[in-house]
Amino acid sequence: MDDTAKLILNGQEYLLPVIVGSENEVGVDISRLRSDSGAITLDSGYANTGACISDITFIDGEKGILRYRGYPIEQLAEKARFPEVAYLLIFGELPTATQLDSFRQDLTYHSMIHEDMKKFFEGFRHTAHPMAILSAMVTSMSSYYPEIDEEDEYRNIVRLLAKTKTIAAYAYKKAIGQPFVYPKNSLSYCSNFLHMMFSVPAEPYEVDPVLEDALNVLLILHADHEQNCSTSTVRMVGSSQANLYASIAAGICALWGPLHGGANQKVIEMLTMIQDDGGDLKKYVDKAKDKDDGFRLFGFGHRVYKNFDPRATILRKAAASVLDRLGVDDPLLDIARQLEEIALKDEYFVQRNLYPNVDFYSGIIYRAMGIPTDMFTVMFALGRLPGWVAHWKELRDDPKGRINRPRQIYTGSTERNFVPLDQRG
Ligand code: SDX
């Protein structure tokens with residue numbers, strides 16, 4: 001592999017260093033390009049641009065590989081618990097039994113939010129989207145837990161992971177007009193969330209292990225995905241040395257978009273629309289192919305995966321088994337499967353490498369668990385928290401870290417003089 005690349009610009013040759021990652025990914029380092037040549041690169045949507053080097057997650061889009069700190073997602077989804085994976089992503093290694101016990105205890109004992117924060121919920125209408133509540137409440141955590149010194153970093157990471165699930169459950173209770181349910185220290189991370197979501201004071205609630213296991217897999221599958229839109233946003237905001245809560249709240253807002261984490265909600269809305277419209281799948285596949293129609297098959301396509309999304313493969317199987325174990329018969333699962341079958345044989349989708357992504361089946365499982373559609377992206381955010389934290393910590397720990405400040409190519413008006421109001425047309 002060459003260790004330099006040659007750029008010829010206006011007859012001048014520039015040698016650019018080449019770096020090769022641990023999985024043989026090749027990057028041309030253009031850090032000195034502007035100072036040497038006066039030119040910059042342009043890459044709309046950053047499809048070909050590496051924003052950083054990172055040790056956290058590896059994706060091979062052609063082979064459908066996803067690994068967290070080197071561990072294949074298939075093994076983690078099958079054998080690990082979410083707190084273990086959160087620890088792995090944030091601190092770099094699988095925890096020992098002692099480390100895991102201590103981390104779990106910290107997550108448990110920080111689950112309650114400050115009683116004053118409950119008052120914030122009174123200001124939200126019951127129709128407020130839970131992602132609006134989540135981003136606002138996470139930002140406001142910085143007013144309760146300022147970052148004074150190094151030790152605060154760990155405590156604030158634990159507070160974020162522990163309290164955000166409580167805030168999410170409270171957003172749901174607020175929407176349905178039920179009283180908030182306090183976390184129970186005897187419950188696991190996933191069980192505690194389900195307890196706060198579905199317990200009612202009027203009767204005892206036992207968490208169904210099927211739901212706990214399903215949630216565990218869903219959170220693990222969403223835990224990180226290298227430089228996606230929301231994680232890049234967290235790194236962008238964190239690069240200004242903004243505090244953890246402000247950086248994560250920015251990631252929550254980026255995830256909300258229907259092209260990103262908001263897609264899981266749009267998938268269910270799309271499948272329901274197809275069902276209500278008589279189930280004419282071909283009509284919607286044709287609409288998705290029609291450039292003038294503007295309709296997209298949500299849950300299909302990915303910037304990186306040009307083959308299957310390994311998470312979708314796991315979730316496709318999980319959807320069938322969770323619905324079976326819960327005795328739920330959801331016609332949307334059949335519609336989803338038929339849609340996938342038609343699309344994967346259609347030239348338009350095959351040519352563009354459009355396969356089901358993580359959002360295509362996740363909503364069907366959330367639905368079967370009794371989680372409402374507008375909470376789906378909140379569920380994605382709960383899963384993605386450790387990944388966002390890991391990237392925020394990685395950039396903060398980088399002694400050579402700089403504020404992110406991309407350049408641009410200006411295409412607007414060239415210099416012109418101000419025109420007084422009475423002389424304008
Ligand atoms: C996530 O980056 C990550 O890692 C994200 C994520 C994570 O874990 O963080 O994996 C989570 O966000 C998954 C993606 C969820 N979004 C959706 O399901 C929304 C539907 N999908 C698309 O909008 C789209 O596929 C994206 C946003 C996912 C990717 O967009 P790109 O890479 O910019 O691709 P593109 O829009 O340029 O599409 C390339 C072509 C275009 O056609 P042509 O102009 O070449 O003719 O494919 C077409 C697009 O029109 N296309 C689709 C399509 N997705 C792409 N056509 C119909 N339906 C679709 N879903």
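Up top is the structure these notes are about.
So, a few notes on the structure that sits alongside this text. (Residues numbered from 1 in each chain as written. Predicted model: local features only at pLDDT ≥ 70, side-chain atom pairs only at ≥ 80, totals over all residues. Heavy atoms only, no water.)

**Concerning the side chain of Thr231**
Move 1: Mapped onto the fold, Thr231 is located in helix 10 (residues 229-238).
Move 2: A residue is classified by how much of its surface remains accessible, and Thr231, at 0% relative accessible area, is buried.
Move 3: Polar contacts involving the side chain of Thr231 include one to the side chain of Asn228, which spans 3.0 Å. (Helix = DSSP H or I, 4+ residues; strand = E, 2+ residues; numbered from the N terminus. Buried < 20%, exposed > 50% of the residue type's maximum accessible area, 1.4 Å probe, protein only. Polar contact = N/O pair within 3.5 Å; in protein donor to acceptor, adjacent residues only side chain to side chain.)

**So, the pairing of strand 5 (residues 65-68)**
Move 1: Residues of strand 5 alternate between two faces, with Leu66 and Tyr68 buried on one and Ile65 and Arg67 left unburied on the opposite face.
Move 2: Inspection of the sheet shows strand 4 (residues 57-60) paired to strand 5 by four bridges, in the antiparallel sense. Bridge pairing links Phe58 to Arg67 in strand 5.
Move 3: Where strand 4 hands over to strand 5, the hairpin turn is made up of four residues, of which Gly64 adopts a positive phi near 65°.
Move 4: Pairing between strand 5 and strand 6 (residues 71-72): two bridges, direction antiparallel. Across the sheet, residue Tyr68 finds its bridge partner in strand 6, namely Tyr71. (Pairing = 2+ DSSP bridges.)

**Description of the packing of helix 6 (residues 130-144) against helix 18 (residues 376-396)**
Move 1: Packing of helix 6 against helix 18 brings their axes to within 8 Å, and their N-to-C directions diverge by 35°. Residues Pro130, Met131 and Leu134 of helix 6 form the contact with helix 18, whose participating residues are Thr377, Val378 and Ala381.
Move 2: Among the residues making up the contact of helix 6 with helix 18, the classes are represented as five nonpolar, one polar and no charged. (Axes fitted to C-alpha atoms, helices over the stretch in contact; angles between N-to-C directions. Contact = heavy atoms within 4.5 Å. Nonpolar A, V, L, I, M, F, W, Y, C, P; charged D, E, K, R; others polar.)

**Focus: unusual backbone geometry**
Move 1: In the Ramachandran plot, Asn10 falls in the positive-phi region, its phi being about 50° despite a non-glycine side chain.
Move 2: With respect to the helices, strands and loops of the structure, Asn10 is situated in the loop between strand 1 (4-9) and strand 2 (12-20).

**Description of the site of the ligand**
Move 1: Surrounding the ligand, one finds 24 residues, the nearest of these being His225, Arg296, His302, Arg303 and Arg311.
Move 2: Note that a nitrogen atom of the ligand is positioned 2.8 Å from one of the backbone N or O atoms of Leu297.
Move 3: Burial of the ligand by the protein chains amounts to 77% of its free accessible area of 1100 Å².
Move 4: Of the residues contributing to the shell around the ligand, the split by class is 10 nonpolar, seven polar and seven charged. (Near = heavy atom within 4 Å. Areas by Shrake-Rupley, 256 points an atom, 1.4 Å probe, with all protein chains shown as cover.)

Remember, this is a structural readout, not a statement about activity or role.
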